[in-house]
Amino acid sequence: MITFSGSSVFGGVAAGRLFIFRKNENQVERRHIEDAEQEIARFEQGKELALKQLQELYEKALKDVGEANAMIFEVHQMMLEDLDYLDSIHYMIKEQQINAEFAVAQTSDNFAEMFAAMDDAYMQGRAADVRDISERLIAILSDTQNNTYAFEEPVIIAAEDLAPSETVQFEKDKLLAIVTRQGSANSHTAILARTMDIPAVIQANIVLEPEYHGAYVIVDGFTGEIYLDPDEETRKKMEVKMAECRAEKELLQELKGKEDVTLDGKELKLYANIGNPSDVANVLRNDARGIGLFRSEFLYLESSDFPTEEEQFKAYRAVAENMAGKKVIIRTLDIGADKTVDYFNLEKEENPAMGYRAIRICLKQPEIFKTQLRALYRASSYGQIAIMFPMITSVEEVRKIKEIVEEVKQELTELSVPFKEVELGIMIETPAAVMVSDELAKEVDFFSIGTNDLTQYTLAVDRQNAKLGDFYNPHHRAILNMIEMVVKNAHAAGIWAGICGELGADLSLTETFLKMGVDELSVSPAMVLRVRKIVRETRTE
Amino acid sequence: MKTFEYTITDPEGIHARPAGLFVKEAGKFASKITIAKDGKEVDAKRIFGIMSLGVKKDNVVTVKIEGEDEETACSTLEAFFKENL
């Protein structure tokens, strides 16, 4: 057995034969031609055929992966008819008396370089589109096009990288998984894999040895691992995972796209909790309506120094973009207590759960807070971001936070950095916040109840102490009464209230929460459909 | 000659798809149409040219139209910007 690994862009487990995909890597030869007019006519013919193929690809993609993902082929057609691109090719053929293939390759390089040099990540990515259409033209002109990627049996594709046009050309039901050595989480290939619902691993260290072609492999799209000739133990382990996936898929098929509405018509916002931008794939796969808690700690925990505004902006932006207009509630840093980082230089405390942590750090060291807020507001233009503040105990804290938020917005306005208005909410996770929730509700746009800390503080039970397990009872009436009180106070002030703690995913309480009037539940992605099932079977009156 | 200015409100700016749609729209008219940002002017009937401007949100673009159908072209394209960008 050989194990390779890469980064997963879409979950699922697949087993089957490996197909090593190689591009037709024709070295484009430079040839002298006598009749430029004739060569141009030959080029035009090739271009017409390429346009026709792109139209067919567009129609196939429309059927397989939907309009939003198919659009790329419509854009490719427009690029292929761009007058600058065509003028350049015609001019080279005429002036240099060279063959059409070489003129296309040269023009392709020039245009791709132009895009690669732009100071905009999106436009830099367009260089790949120029190369993709040019390679198609060259393959047609040199008659080396291998259009049909037909396989006898379903396969797992391994390639250096795949262009979008290559990905959709594979027969959909013959494709088990995609593994590429390159690629990015935002590439069209990754997005297509997600839409096609097959595991995909990118940036994998797999070696494309010809001898591996046809070998039996298992791809674990959850961990990004690829097993070549897996041993008995691995096979068994993966079979269990595959069975779980199948069960989940069945649930998915039944509930995906269905509304989160009770039998008597009450609607719940069913969101998911995540701790890393790469979790978004799982959120979409499980059909959550949004992200109810995006823990921003990973940025701080995975870093050896304070993450810069730019690093944070990129992460928030990626999540907002990938969620495509669905709500993304990002919680500001919740460092401290059990999550510590060296560079924060936090002093050792007797009682860290009640210590210098979360919003307390932000209010005492506003420069750390402002960096995060600036990144969040900058990312707000790219989707529907909301911001949530942890560990609130008083109205004064919220007012102070709002002052700092206003300062940040003012600074961005002065620098003419675009941003949208975002909803501001707070976590209700201290008994104090519960007791003043009537006043807090007038200050913010929403509440999200953090039941883990709320239980620990209310019952005076340390979550970290295993001996106290029997005393840690989140079903305690004290907790349920608090939740009910918070929801009432929220509604009285016209705002919504949700639950993002572990308790939100407690299926034995879903009905109780719905009856209390809880507006939102944010649960781990894997729990979304299970909660949906109960919501749809519940009557609240 | 007709001309108008427009401030982009789309958060993604003029990316590949709207550039393509704009080219299609501009191609319907006989007039010579250009689009400019920060003094760089390109032919509005060429997708790569428009993309090369790298127009982002809040950038101001100037569209110039000259030709027999400039009146209709101007109102159509201005409406296109308001609707799509």
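Residues numbered from 1 in each chain as written. Chains lettered and ligands numbered in written order. Predicted model: local features only at pLDDT ≥ 70, side-chain atom pairs only at ≥ 80, totals over all residues.

(A) Local environment of the overall build of chain B. Helix and strand content of chain B: three helices and four strands. In sequence order, the secondary structure elements of chain B are arranged as β-α-β-β-α-β-α. Restricting the contact set of chain B to residue pairs at least 6 apart, pairs at least 24 apart contribute 71%. (Helix = DSSP H or I, 4+ residues; strand = E, 2+ residues; numbered from the N terminus. Contact = placed C-beta atoms within 7 Å.)

(B) Region of the structure containing helix H14 (residues 366-379) of chain A. Residue and element names in this part refer to chain A. Between its terminal C-alpha atoms H14 stretches 20 Å, which fits the 20 Å expected from 14 residues at 1.5 Å a residue. Taken across its 14 residues, H14 has ten buried, putting it largely inside the fold. Among the structural elements, helix H12 (309-322), strand S11 (327-331), helix H13 (359-364), strand S12 (384-389) and helix H15 (395-414) are those in contact with the buried residues of H14. (Expected span 1.5 Å × (residues − 1). Buried ≥ 20, exposed ≤ 12 C-beta atoms within 10 Å, placed from the backbone.)

(C) Geometry of unusual backbone geometry. All names here are of chain A. At Asp229, a position not held by glycine, the phi torsion is positive, near 45°. Here Asp229 lies in the loop between strand S8 (225-228) and helix H9 (232-255). Notably, Asp287 is not glycine yet its phi reads approximately 65°, a positive angle. Turning to its location among the elements, Asp287 is positioned in the loop between helix H10 (280-285) and strand S10 (290-295). Asp287 sits in the partly exposed class, given 18 other C-beta atoms within 10 Å.

(D) The interface of chain B and chain A, seen in detail. Contacts between chain B and chain A engage 16 residues on the former and 20 residues on the latter. For the side of chain B that touches chain A, the secondary-structure elements that each account for two or more residues are helix H1 (16-26) and helix H2 (47-52) of chain B. Top element by residues in the side of chain B that touches chain A is H2(B). It accounts for five residues. Class assignment of the residues belonging to the side of chain B that touches chain A gives a composition of six nonpolar, five polar and five charged. (Nonpolar A, V, L, I, M, F, W, Y, C, P; charged D, E, K, R; others polar.)

(E) Up close: the sheet that holds strand S4 (residues 155-159) of chain A. All names here are of chain A. Across the sheet, which stays open at both edges, the eight strands sit in the order S1-S8-S7-S3-S4-S5-S6-S2 with mixed pairing between neighbours. Across the chains shown, the open sheet's two edge strands, defined by having one partner strand only, are strand S1 (2-5) and strand S2 (7-10). When the angles between neighbouring strand axes are averaged without regard to direction, this sheet yields 30°. In this structure, strand S5 (residues 175-180) lies alongside strand S6 (residues 200-202), joined through two bridges in parallel fashion. (Pairing = 2+ DSSP bridges. Axes fitted to C-alpha atoms, helices over the stretch in contact; angles between N-to-C directions.)

(F) Layout of the pairing of strand S2 (residues 32-37) of chain B. All names here are of chain B. In this structure, S2 lies alongside strand S4 (residues 60-66), joined through five bridges in antiparallel fashion. Within S4, the position partnered with Thr34 by the bridge is Lys64. Two elements, S2 and strand S3 (residues 40-43), share four bridges in a ladder whose sense is antiparallel. Its bridge partner lying in S3, Thr34 is registered against Asp43. Where S2 folds back onto S3 in an antiparallel hairpin, the turn is made up of two residues, including Asp38, whose phi is positive at roughly 45°.

(G) Seen up close, the environment of B:Lys40. Residue and element names in this part refer to chain B. Turning to its location among the elements, Lys40 is positioned in strand S3. Here Lys40 falls in the exposed class, since 11 other C-beta atoms lie within 10 Å of it. Considering only alpha carbons, one finds Lys40 and Val61, 21 residues apart in sequence, at a separation of 9.9 Å.

(H) The nonpolar core, seen in detail. Grouped together as the largest cluster of nonpolar side chains are 115 residues, with contacts concentrated most on A:Ile156, A:Ile157 and A:Val179. Setting aside residues no more than four positions away along its own chain, A:Val179 makes contact with A:Gly6, A:Ile156, A:Ile157, A:Ala158, A:Val201, A:Ala204, A:Ile206, A:Val219 and A:Ile226. Core analysis: the next-biggest nonpolar cluster, separate from the first, contains 58 residues, A:Leu54, A:Ile140, B:Val23 and B:Val63 among them. (Core = buried A, V, L, I, M, F, W, Y, C linked by C-beta atoms within 7 Å.)

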